[in-house]
Amino acid sequence: MNETDLAYASIGDIARFFRAGKLSPAELTEVLLKRIERLHPKLNAFITVTAELARAQAKSAEAELFSARKRKSHADRGLLHGIPISLKDNICTAGVRTTAGSKILGGFFPERDAKVVTRLKEAGAVFLGKTNLHEFAYGVTNNNPHYGAAHNPWDVSRIPGGSSGGSAAAVAAGLCFGSIGTDTGGSIRIPASLCGVVGLKPTIHRVDASGVIPLSVSLDCVGPLGRTAEDAAILFRALTGDRTRKGVARTLKNVRLGVPREFFFDVVSADVGKVFEGSLGCVRRLGAKIEDVLIPLLNDTESAGNRIGWAEATHYHQQSGWFPGRADEYSDDVRTRLEAGTKVTAAEYLEALEQQKKFVTQLRGAMEDSAIDALMVPTTPIAAPLTGEETTRVGKAEYPTRALLLRLNRPANLAGVPAISVPCGFTPAGLPLGVQFIGAANSEELLLEIARVFQHANRSRKHPDFAA
């Protein structure tokens, strides 16, 4: 295999190469470090590259896998053992700088690993570095004034999405085999969609978020990004401590999917609508039953999500002693949102929590009444916008770009349920689009299976040309 083929291989394929003695973790790590060195200037996907740490971890993994292969020990830790991945830079790593994309934490070296880092170390993962993000994960463009904007591998003049934009760009460009991001209002799924990769937001608290610099404690989730649903599943199981290989399905014959036409399709570009209808046809051919569902409270999710997120983010930054005392060290957009949080009254916050409870109840009831396994909707109403594009035209109207990207993702965060974005096609300009499956609480394995079957049946180009 040449470098590109190797960089875009699946985690499962690499694991087999390791165990057959055809490739070593140390060799693979060097390939990716050289690739990062060559392509990073185009993408700015990383804030910190941990080359020496990666080499040391790869060497250790190599020794353990060699010993296991020779049947001298039981040192094989599973499919992630020796696999090079990246971490969003708001996930604390002991002794490794963790900036959260901010000037304020530019010199922060945590004393302890986040729980998810501990899990990944136990699984034998190799850490290539910390990826670029929107400052304090508080935005969806990844246009970071402190460390530079991350760029979309499909068109470097466009955003990768955010806040986990560096993670998605790195995965899409073959700079790592997976990445761990965070999602508060779509920050895993938005960049997954815009960069043409898979992104899973788990059920709230399904993955331990301790040691992750928070945005909104009621909404924050930690989850994986990978090029395939199978890769995302391997990463997810490592994050939860469950590395058991699951059975596979061939069709979606017994799956019922609900399509909420109201709200999710009120503001959608023609390109997104066309590709989504093609995706519906694909799942029908795979045997899925499709049913329209009505969830009226979807229209309240933007207001409730904003009030909860604004208030909790501002509270955290106040408690940390950064805001408003160091307000001039924030980017303009993040500072503006923190200021908005000071204006949310206690009554408004409590009202938003009540709206959240009502929405959770209505969503659960709608899915149970119709025996729906998952909702199927677009991930974003638009493809990747240009860097600095503050408004985007959809139909005859202009909309704030940030609100458009968040619009179809907030509901799953507010409900605390899992959701996965899967590549589903391209615009005529060659920009990737994603379809989103939203499930009931703790239905991650079902969503991963739906995504896997859909992705296998809906194959398309797997990587951007610039990185070839």
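Everything quoted here is computed from the prediction, not taken from an experiment.

*Asks:* Before we move on, can you summarise the overall build of the chain with the specific residues and values?
*Replies:* When its secondary structure is counted, the chain shows 16 helices and 13 strands. Taking 468 residues into account, the globule formula puts the C-alpha radius of gyration at 23 Å, and the chain, at 21 Å, falls close to it. Projected onto the principal axes, the alpha-carbon positions of the chain cover approximately 60 × 55 × 40 Å. Here the chain holds 468 residues, and the buried ones make up 60% of them. For the chain, the accessible area works out to roughly 18,000 Å², and carbon and sulfur atoms hold 51% of it. Distance between charge centres in the chain, computed from 56 positive and 49 negative side chains, equals 6 Å.

*Asks:* Requested: an account of the nonpolar core, with residues and values cited.
*Replies:* Within soluble globular proteins, side chains that are nonpolar tend to cluster in buried spots. One finds Ile14, Leu80, Leu120, Leu257, Val283, Ile420 and Phe437 to be the most contacted residues of the largest nonpolar core, which totals 114 residues. For this core, the element with the highest residue contribution is helix 8 (residues 229-240), accounting for eight residues. Among residues more than four places away in sequence, those in contact with Ile14 are Leu6, Ala9, Leu23, Leu28, Ile83 and Phe177. Of all hydrophobic cores here, the second largest spans 15 residues; its members include Ala100, Phe136, Ala313 and Val334.

*Asks:* Run through helix 11 (residues 301-319), naming residues and quoting values.
*Replies:* Under the 1.5 Å per step criterion, the end-to-end length of helix 11 is 27 Å for 19 residues, consistent within 8% with the ideal 27 Å. Those residues of helix 11 that fall on the buried side of the exposure criterion are Thr301, Ala304, Gly305, Asn306, Ile308, Gly309, Ala311, Glu312, Ala313, Thr314 and His317. Those residues of helix 11 that are buried are in contact with helix 9 (261-264), helix 12 (332-341), helix 13 (346-369) and helix 15 (410-415).

*Asks:* Provide a residue-level description of helix 5 (residues 115-122), including the pertinent values.
*Replies:* All buried positions along helix 5 are accounted for by Val116, Val117 and Leu120. Along helix 5, the residues classed as buried sweep out an arc of 100 degrees about the axis, all on the same side. Looking at the buried residues of helix 5, the elements they touch are strand 2 (84-88), strand 3 (126-131), strand 4 (179-183), strand 6 (221-226) and helix 8. Gly124 lies just past helix 5 and shows a positive phi near 85 degrees.

*Asks:* How would you explain the environment of Gly430 if you had to name every residue and give the values?
*Replies:* Looking at where Gly430 falls in the secondary structure, it is placed in the loop between strand 12 (419-426) and strand 13 (432-439). C-alpha of Gly430 to C-alpha of Thr301: the two residues are 129 residues apart in sequence and 31 Å apart in space. Residues in contact with Gly430, not counting those within four places in the same chain, are Trp154 and Arg461.

*Asks:* Could you give an account of the sheet that holds strand 7 (residues 256-259), naming the residues involved and the relevant values?
*Replies:* The sheet built from 11 strands is open, its strands ordered 1-3-2-4-6-5-12-13-9-7-8 with mixed pairing. Pairing within the sheet leaves two strands with one partner each, and these edge strands are strand 1 (46-49) and strand 8 (289-292). Averaged over all pairs of adjacent strands, the angle between their axes in this sheet comes to 30 degrees, without regard to strand direction. Pairing analysis gives four bridges linking strand 7 to strand 8, with the strands arranged parallel. Counterpart to Val259 in the pairing with strand 8 is Asp292. Against the sheet, helix 6 (residues 165-172) touches strand 1, strand 2, strand 3, strand 4 and strand 6, its axis set at about 20 degrees to strand 6. The sheet contacts of helix 10 (residues 270-285) involve strand 7, strand 8, strand 9 (374-378), strand 12 and strand 13, and relative to strand 9 the element is tilted by about 145 degrees.

*Asks:* Give me the lowdown on the packing of aromatic side chains, citing residues and values where you can.
*Replies:* This model, assessed by the stated rule, comprises eight aromatic pairs. When the centroid spacing of 5.3 Å and the interplanar angle of 90 degrees are considered together, the rings of Phe263 and Phe264 count as edge-to-face. Across the pair, exposure class does not vary: Phe263 and Phe264 are buried alike. Geometrically, the ring pair formed by Tyr316 and Trp322 is edge-to-face, given 5.7 Å between the ring centres and 85 degrees between the ring planes.

*Asks:* How would you sum up the side chain of Arg452? Please name residues and give values.
*Replies:* Residue position: Arg452 is located in helix 16 (residues 444-457). Side-chain polar atoms of Arg452 contact the side chain of Glu449, separated by 3.2 Å.

*Asks:* Which residues make up the environment of Ile47, and what are the values?
*Replies:* Summarising the element assignment, Ile47 is placed in strand 1. Of the residues examined, Ile47 reaches a relative accessible area of 15% and is grouped as buried. Sequence separation between Ile47 and Leu133 is 86 residues, and the spatial gap between their C-alpha atoms is 8.5 Å. Beyond its immediate sequence surroundings of up to four residues, Ile47 is in contact with Asp89, Arg97, Thr99, Gly101, Lys130, Thr131, Asn132, Leu133 and Tyr147.

*Asks:* Before we move on, can you summarise the packing of helix 5 against helix 8 with the specific residues and values?
*Replies:* The N-to-C vectors of helix 5 and helix 8 enclose an angle of 110 degrees; their axes lie 7 Å apart at closest approach. Classed by the angle they form, the pair helix 5 and helix 8 counts as roughly perpendicular. Pair helix 5 / helix 8 crosses with right-handed handedness. Residues Val116, Arg119 and Leu120 of helix 5 form the contact with helix 8, whose participating residues are Ala238, Leu239 and Thr240. Grouping the amino acids of the contact of helix 5 with helix 8 by side-chain chemistry returns four nonpolar, one polar and one charged.

*Asks:* How would you explain the environment of Asn132 if you had to name every residue and give the values?
*Replies:* Tracing the backbone through its elements, the reader meets Asn132 in the loop between strand 3 and helix 6. Through-space distance from the C-alpha of Asn132 to that of Gln319 is 25 Å; in sequence the pair is 187 residues apart. Looking at Asn132, its side chain comes within polar contact range of the main-chain oxygen of Asn44, at 3.1 Å. Here Gly148 takes part through its backbone oxygen, which lies 2.9 Å from a polar atom of the side chain of Asn132.

*Asks:* A description of the pattern of salt bridges should follow, citing residues and the corresponding values.
*Replies:* Scanning all chains against the criterion turns up 24 salt bridges. A salt bridge links Asp333 to Arg337; its shortest N-O distance comes to 3.3 Å. Note that Asp333 and Arg337 are positioned in helix 12 at a spacing of four residues, about one turn of the helix. For Glu449, the salt bridge identified is with Arg452, shortest N-O distance 3.2 Å. Within this pair, Glu449 and its partner Arg452 are both found in helix 16, separated by three residues, close to a single helical turn.

Cut-offs used in this document
- Residues numbered from 1 in each chain as written.
- Predicted model: local features only at pLDDT ≥ 70, side-chain atom pairs only at ≥ 80, totals over all residues.
- Heavy atoms only, no water.
- Helix = DSSP H or I, 4+ residues; strand = E, 2+ residues; numbered from the N terminus.
- Rg over C-alpha atoms; globule rule 2.2 N^0.38 Å.
- Buried < 20%, exposed > 50% of the residue type's maximum accessible area, 1.4 Å probe, protein only.
- Areas by Shrake-Rupley, 256 points an atom, 1.4 Å probe, with all protein chains shown as cover.
- Lys, Arg positive; Asp, Glu negative; His and termini not counted.
- Charge placed at Lys NZ, Arg CZ, Asp CG, Glu CD.
- Core = buried A, V, L, I, M, F, W, Y, C linked by side-chain atoms within 4.5 Å.
- Contact = heavy atoms within 4.5 Å.
- Expected span 1.5 Å × (residues − 1).
- Arc of directions from axis to C-beta.
- Pairing = 2+ DSSP bridges.
- Axes fitted to C-alpha atoms, helices over the stretch in contact; angles between N-to-C directions.
- Phe/Tyr/Trp six-rings, centres within 6.5 Å; stacked < 30°, edge-to-face > 60°.
- Polar contact = N/O pair within 3.5 Å; in protein donor to acceptor, adjacent residues only side chain to side chain.
- Parallel < 35°, antiparallel > 145°, perpendicular 65-115°, else oblique.
- Left-handed = near helix turned anticlockwise from the far one by under 90°.
- Nonpolar A, V, L, I, M, F, W, Y, C, P; charged D, E, K, R; others polar.
- Salt bridge = Lys/Arg side-chain N within 4 Å of Asp/Glu carboxyl O.

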